[in-house]
Amino acid sequence: MSELLELEVGAVAAGGACVARAPDGRVVFVRHALPGERVRAVVTSSTTSYLRADAVEVLTASPDRVEPPCPYAGPGRCGGCDWQHVALPRQRLLKGELVAEQLRRLAGIERVVEVEAVPGDHDGLRWRTRMQLGVDRAGRPGLRRHRSHDLEHVDRCLIATDDVEAVGAEQLSWPGATEVEVTATGSQRVVHVTGRIADLPEVDAGIVVNDRPRRVPHGVRHEVLGRSYEVAAGGFWQVHPGAATALAQAVLDGLDPQPGERVVDLYAGVGLFAALLGDRVGPTGSVLALEGDARACADAARNTADAPHVRVRTGAVDAPTVAQKVGRPSLVVLDPPRAGAGVDVARALVGLAPRRIAYVACDPATFARDLRVFLDAGWELASLRAFDLFPMTEHVELVGILTPPA
């Protein structure tokens, strides 16, 4: 039988759980709780230094606790949403506190962080334009449970958009598949299937199997600030409907690109920022977009084909490349994956001395770690914006504008 603890719940921690103390003094990371609550929690895993637990009974509730709108949210159920039990305004306050704590602990700076709502969701629901489903051996799709490969079979997902749900992938059989990804924007719908599937179910969508097109469309088009982008099935695009526009506008406002300037876009993806920056610097300027994924580069090249002064290159973003092969840019966009750019890349960028850097980050901890390199070199965090692109979860997206010493 699992150990049951009665806990006084403290502050929220990175990862979405709250911190408490077990009777033996060990730290307990408690999911499905809120700061200030008293709960009974079931221990789900343990190490010599900490425990993980799920709150299964609330003895003293926070005024910010709400009934989760999704019937699949809760202890032992779907792991996609950590905070369905938290009122949306408090979710954003908690995210701001998480970012501020990482900045204080890892970058050594004090900053109040306000997390901005982004148009495109409905009270924190119906915002995910791309959804990944695992598939079991019987061909039944489902969403993965927290820290598990086990599947929660659902009729529908409340954070998925109506366009995604119109495909009905959760209710179909996918024998032989290991994963099904649905991407939908308006009438554009694509299903990307991975595995050895022989018989595909009937769906009102394009189909790609193991990266091979079976039925058009093979990708989805997006419009951002007057620019059109095409993203192949399985490619990366921000999942919140308002995310790309919010981030692009924040980067443009923060960098203030001028005609004739040289720009380097690191981890450029499908060219979201490179295309818009190319428009701003014009043909007398230049943009170098560097991306490690060849398929994303193919999309980026297509999305910037009308701008010959935008060059797309396939290659790893590492310190030697940044130090020796990107020239001397006026501006830099840095949009790394969750692991961050890394200390060595940050030091190489300091050596290039661009007039501004826009750091787009999906992980506050790695952002704060990299930021410390710039601060130690005399740079300044001129502005920081935080966006709620993932309601009902602890995730938050940051755009920091960095400026060199005067």
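Right above here is the structure, for reference.
Not measured: the values here are computed from a predicted model.

Caption draft 1: Local environment of the overall build of the protein chain. Scanning the protein chain from N- to C-terminus turns up 8 helices and 22 strands. In terms of C-alpha radius of gyration, the protein chain reaches 22 Å, essentially the compact-globule figure of 22 Å for 406 residues. With the principal axes as the frame, the protein chain shows a C-alpha extent of 70 × 55 × 35 Å. Counting the 406 residues in the protein chain, one finds 54% classified as buried. In the protein chain, the proportion of contacts linking residues at least 24 apart, taken out of those at least 6 apart, comes to 59%. When the accessible area of the protein chain is evaluated, it comes to approximately 17,800 Å², of which 50% is carbon and sulfur surface. Positive and negative side-chain charges in the protein chain, numbering 45 and 52 respectively, have mean positions lying 4 Å apart.

Caption draft 2: Structural context of the nonpolar core. Ranked by internal contacts, the top residues of the largest apolar core, which has 72 residues, are Trp 174, Val 180, Val 191, Leu 272 and Phe 273. Among the elements that make up this core, the one with the highest residue count is helix H3 (residues 243-255) (9 residues). With near-sequence residues (within four places) excluded, Trp 174 lies in contact with Val 135, Gly 139, Pro 141, Ala 169, Val 180, Val 191, Val 193, Ile 197, Leu 200, Pro 201 and Val 203. In terms of nonpolar packing, the next biggest core, distinct from the first, is built from 38 residues, Val 115, Tyr 267, Val 326 and Val 332 among them.

Caption draft 3: Focus on the packing of helix H7 (residues 343-352) against helix H8 (residues 364-376). Two elements in contact, H7 and H8, have axes separated by 9 Å at closest approach and are oriented at 30°. Judged on the interaxial angle alone, H8 and H7 are roughly parallel. Helix-helix and strand crossings are classified by hand; for H7 and H8 the assignment is right-handed. Within the contact between the two elements, H7 uses Val 343, Ala 346, Arg 347, Leu 349 and Val 350 and H8 uses Arg 369, Asp 370, Val 373 and Phe 374. Here the contact of H7 with H8 is composed, by residue class, of 6 nonpolar, no polar and 3 charged.

Caption draft 4: Region of the structure containing the packing of helix H1 (residues 88-107) against H8. H8 packs onto H1 with a crossing angle of 40° between their chain directions and a minimal axis gap of 8 Å. As judged from the angle between their axes, H1 and H8 are oblique. Here the hand of the crossing between H1 and H8 comes out right-handed. Where H1 abuts H8, its residues Val 99, Gln 102, Leu 103, Leu 106 and Ala 107 lie against Pro 364, Ala 365, Phe 367, Ala 368, Arg 369, Leu 371, Arg 372 and Leu 375. Grouping the amino acids of the contact of H1 with H8 by side-chain chemistry returns 10 nonpolar, 1 polar and 2 charged.

Caption draft 5: Representation of the sheet that holds strand E19 (residues 331-334) in the model. Spatially, 8 strands are ordered E6-E21-E22-E20-E19-E16-E17-E18 in an open sheet, and the strand pairing comes out mixed. Strands at the two margins of the open sheet, each flanked by one partner only, are strand E6 (115-116) and strand E18 (310-314). As paired elements, strand E16 (residues 262-266) and strand E17 (residues 286-291) share 5 bridges and run parallel to each other. When the bridges of E17 are listed, Val 263 appears paired with Val 287. Packing of helix H4 (residues 272-281) onto the sheet brings it into contact with E16, E17, E18, E19 and strand E20 (356-361), and relative to E17 it is tilted by some 170°.

Caption draft 6: Representation of H4 in the model. Taking burial as the measure, the 10 residues of H4 include 8 buried ones, the bulk of the element. Along H4, the residues that are buried comprise Leu 272, Phe 273, Ala 274, Ala 275, Leu 276, Leu 277, Gly 278 and Val 281. The positive-phi residue at the C-terminal boundary of H4 is Gly 282, with phi of around 70°.

Caption draft 7: Looking closely at the side chain of Thr 403. If you trace the backbone, Thr 403 turns up in strand E22 (residues 397-403). Excluding residues that lie within four positions of it along the chain, Thr 403 makes contacts with Arg 355, Arg 356, Trp 379, Glu 380 and Ala 382.

Caption draft 8: Region of the structure containing the sheet that holds strand E5 (residues 50-60). With mixed pairing, 5 strands are arranged side by side in an open sheet as E1-E4-E5-E3-E2. Where the open sheet ends on each side, the last strands, each with one partner, are strand E1 (4-8) and strand E2 (18-21). Within this sheet the neighbouring strands show an average axis-to-axis angle of 45°, counted without direction. Bridge analysis of strand E4 (residues 38-46) against E5 gives 8 bridges, and the strand direction is antiparallel. Looking at the pairing, Ala 41 lines up with Ala 55 of E5.

Caption draft 9: Structural detail: H7. Inspection of H7 places Val 345, Ala 346, Ala 348, Leu 349 and Leu 352 among the buried residues, and these make up the whole buried set. Buried residues of H7, seen end-on, are gathered within an arc of 160° and therefore sit on one face of the element. With respect to the buried face of H7, the exposed residues turned more than 90 degrees away are Asp 344 and Arg 347. Looking at the buried side of H7, the elements it contacts are E16, helix H6 (319-324), E19, E20 and H8. With its phi angle positive at about 55°, Ala 353 sits one or two positions after the end of H7.

Caption draft 10: Main features of the pairing of strand E8 (residues 141-144). By the bridge criterion, 2 bridges tie strand E7 (residues 130-135) to E8 in an arrangement that is antiparallel. The partner of Gly 134 across the bridge, within E8, is Gly 142. The antiparallel pairing of E7 with E8 creates a hairpin that spans 5 residues between the two strands, and Gly 139 there sits at a positive phi of about 85°. Summarising the sheet, E8 and strand E9 (residues 151-152) pair through 2 bridges and their orientation is antiparallel.

Analysis parameters
Residues numbered from 1 in each chain as written. Predicted model: local features only at pLDDT ≥ 70, side-chain atom pairs only at ≥ 80, totals over all residues. Heavy atoms only, no water. Helix = DSSP H or I, 4+ residues; strand = E, 2+ residues; numbered from the N terminus. Rg over C-alpha atoms; globule rule 2.2 N^0.38 Å. Buried < 20%, exposed > 50% of the residue type's maximum accessible area, 1.4 Å probe, protein only. Contact = heavy atoms within 4.5 Å. Areas by Shrake-Rupley, 256 points an atom, 1.4 Å probe, with all protein chains shown as cover. Lys, Arg positive; Asp, Glu negative; His and termini not counted. Charge placed at Lys NZ, Arg CZ, Asp CG, Glu CD. Core = buried A, V, L, I, M, F, W, Y, C linked by side-chain atoms within 4.5 Å. Axes fitted to C-alpha atoms, helices over the stretch in contact; angles between N-to-C directions. Parallel < 35°, antiparallel > 145°, perpendicular 65-115°, else oblique. Left-handed = near helix turned anticlockwise from the far one by under 90°. Nonpolar A, V, L, I, M, F, W, Y, C, P; charged D, E, K, R; others polar. Pairing = 2+ DSSP bridges. Arc of directions from axis to C-beta.

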